[in-house]
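Below, each chain spelled out in residue letters.
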Amino acid sequence: MRTLVLADLHLVGQTPRPLGEDLASLIAAHPGARIVLAGDLFDLPSEMPNVARDRALASALDAQPHVRRAFAEHVDRGGELWLISGNHDAEVGAPDFRDALARAFGISSESRARLRTTPWFFREGGVHIEHGHLYDPDNAPAHPLILGARSLGTHFVEELIAPTGAHRYLNANDQTPLKLLASAFAWYGVRGPYVVYRYFHAALTAMAASGPFYGGRDEPAQGKPHEPAFAAEHGVPHEVIADLLARAAIPTMASFQHTFARVYFDRVLATLSILGGVGCALAGSKRAATLAVTAGAALMSASWALVTTATRATDSDRLRDGAPAVRAVTGAHLVLFGHTHRGAGAGVRQHRLDSPSTATPPAAPSAGRGRSPKAIRRHWPAAG
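The structure displayed is predicted, hence computed values, not measured ones.

1. Quick notes on the confidence of the model for the protein chain
With 83% of its residues at a pLDDT of at least 70, the protein chain reaches an overall mean of 82. Across residues 345-374, where pLDDT falls below 50, the model places 88 contacts with residues more than four positions away in sequence or in other chains.

Written as structure tokens, this is what we have:
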């Protein structure tokens, strides 16, 4: 069976209609194929974080009736549809999600056996497919088989992106907060101060929910009883599951120190201190100015001195390192990830619809403006 793998479509109620039409056309062009959605088909946290799952799902699909119809017709006419949980649609891994999705798509009861969902990965022969966020500390779950505490990335989506509508940060979150905070005024004008306020709110509440207060501390133990059944379902030895989990990233929010450093709060405070010193100098208070600038400079220097190769690593770096580890543990010939929204190097293979603005309302600034969504089509020979 021909397999088509897509990832990171990030469908929401405000997804531009032309993109949904292109997706529907792509589905219709592959009748009878197995379509694998490798995570983040939906982006529920960015638009409706406090809304019941089924209602949020309906909102995303009601805005794209042609997509809903294309998926339903694909499955009802003999095609397969497999969904993998991502960090933006972790609900895909819930036990009852398959039935909820079948109802939302309008897939007939006779065809539902061709609709599959998984909270972690699919394995088909020598091909291993997962979203990839398990290897990214900012977005990794405490255990991939447990729908539990939100990650740092999801926390910022729900506490910053959703209430402000600052969707551009979904595609520009790998810069330092100081650059992003400064850009808030250029991108969002009069909403800029509110965006900045929500950033500080998100950062402070993230730190308050990290370390000893991190809600996922017990989830590895809670997920362990589910591992044998998952291994059996996907045809891999239980030992392989244990080895993969040993290579997973530790969630950033499991450590207060890592969370504090990751939100660059020390650099924000250092910059505020320096700016305060400049203000004191202009006001004629030289001693206060000297103390504030010195303290800010010292804090900034300490922050930069603590930066390591590991903290400089990007999502692409982590997934590039994760793919060989998955291959070594599972014996897979090909590993496919999504998550990064970027092209793949030799170690990581991605088939995906590269659409950086899919979760962005048309009227908002978009990292993808001026670029058309594109599909990367690649072929690999059968493994010998």
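From this point, the narrative continues.
2. Brief notes about the nonpolar core
If you look at the biggest cluster of nonpolar residues, it comprises 32 residues, and the most contacted ones within it are Leu-37, Phe-42, Leu-81, Leu-83, Phe-97 and Leu-101. Mapped by element, the contributors of at least two residues to this core are β1 (3-6), α1 (17-28), β2 (34-37), α3 (53-62), α4 (65-76), β3 (80-84) and α5 (97-105). If sequence neighbours within four positions are ignored, Leu-83 has contacts with Leu-37, Leu-41, Val-92, Phe-97, Leu-101, Leu-115, Arg-116, Thr-117, Thr-118 and Phe-122. Among the nonpolar cores identified, the runner-up in size contains 25 residues, and Phe-156, Ile-161, Leu-180 and Tyr-199 belong to it.

3. A short note on helix α11 (residues 238-246)
Inspection of α11 places Val-240, Ile-241 and Leu-244 among the buried residues, and these make up the whole buried set. The arc enclosing the buried residues of α11, seen along the axis, measures out at 100 degrees, which places them on a common side. Those residues of α11 that are exposed and angled more than 90 degrees off the buried face are Glu-239 and Ala-246. Among the structural elements, β5 (121-124), β6 (127-130), α10 (227-233) and α16 (315-330) are those in contact with the buried residues of α11.

4. A look at a nonpolar patch on the surface
Judged by side-chain polarity, Leu-269, Leu-272, Leu-275 and Leu-299 come together as a nonpolar surface patch covering roughly 340 Å² of accessible area. A per-element tally of the nonpolar patch places helix α13 (residues 265-282) first, with three residues. Tracing the chain through its elements places Leu-299 in helix α14 (residues 286-305). Overall, the relative accessible area of 33% leaves Leu-299 in the partly exposed class.

5. Examining the sheet that holds β2
Pairing is parallel in the open sheet, where four strands are placed in the order β1-β2-β3-β4. Two strands bound the open sheet, and with one partner strand each, they are β1 and β4 (115-118). Strand-to-strand twist in this sheet, taken as the mean axis angle between neighbours without regard to direction, amounts to 15 degrees. Bridging between β2 and β3 involves four bridges; their strand directions are parallel. Bridging across to β3, Val-36 finds its partner in Trp-82. Sheet contacts for α5: β3 and β4; angle to β4, the most-contacted strand, approximately 135 degrees.

6. Side note on α3
Within the sequence span of α3, burial applies to Arg-53, Ala-56, Leu-57, Ala-60 and Leu-61. The buried residues of α3 all sit within an arc of 130 degrees when viewed along its axis, so they share a single face. For α3, exposure combined with an orientation more than 90 degrees from the buried face picks out Arg-55 and Asp-62.

7. Here's the deal with the pattern of salt bridges
Under the defined criterion, the tally for this structure stands at 10 salt bridges. For Arg-17, the salt bridge goes to Glu-21, with nearest N and O atoms at 3.2 Å. Of this pair, Arg-17 and Glu-21 both sit in helix α1, separated by four residues, roughly a single helical turn. Of the residues examined, Glu-21 reaches a relative accessible area of 37% and is grouped as partly exposed. Note that Arg-34 and Glu-80 form a salt bridge whose closest N and O atoms lie 2.8 Å from each other. With a gap of 46 residues between them, Arg-34 in strand β2 and Glu-80 in strand β3 connect regions that are remote in the sequence. One network of salt bridges, with partners in common, ties together Arg-150, Glu-158, Glu-159 and Arg-198.

Quick notes on the rules
Residues numbered from 1 in each chain as written. Predicted model: local features only at pLDDT ≥ 70, side-chain atom pairs only at ≥ 80, totals over all residues. Heavy atoms only, no water. pLDDT = per-residue confidence, 0-100. Contact = heavy atoms within 4.5 Å. Core = buried A, V, L, I, M, F, W, Y, C linked by side-chain atoms within 4.5 Å. Buried < 20%, exposed > 50% of the residue type's maximum accessible area, 1.4 Å probe, protein only. Helix = DSSP H or I, 4+ residues; strand = E, 2+ residues; numbered from the N terminus. Arc of directions from axis to C-beta. Patch = residues over 30% accessible without salt bridge, like charges linked within 9 Å, V, L, I, M, F, W, Y side chains within 5 Å. Areas by Shrake-Rupley, 256 points an atom, 1.4 Å probe, with all protein chains shown as cover. Salt bridge = Lys/Arg side-chain N within 4 Å of Asp/Glu carboxyl O. Pairing = 2+ DSSP bridges. Axes fitted to C-alpha atoms, helices over the stretch in contact; angles between N-to-C directions.

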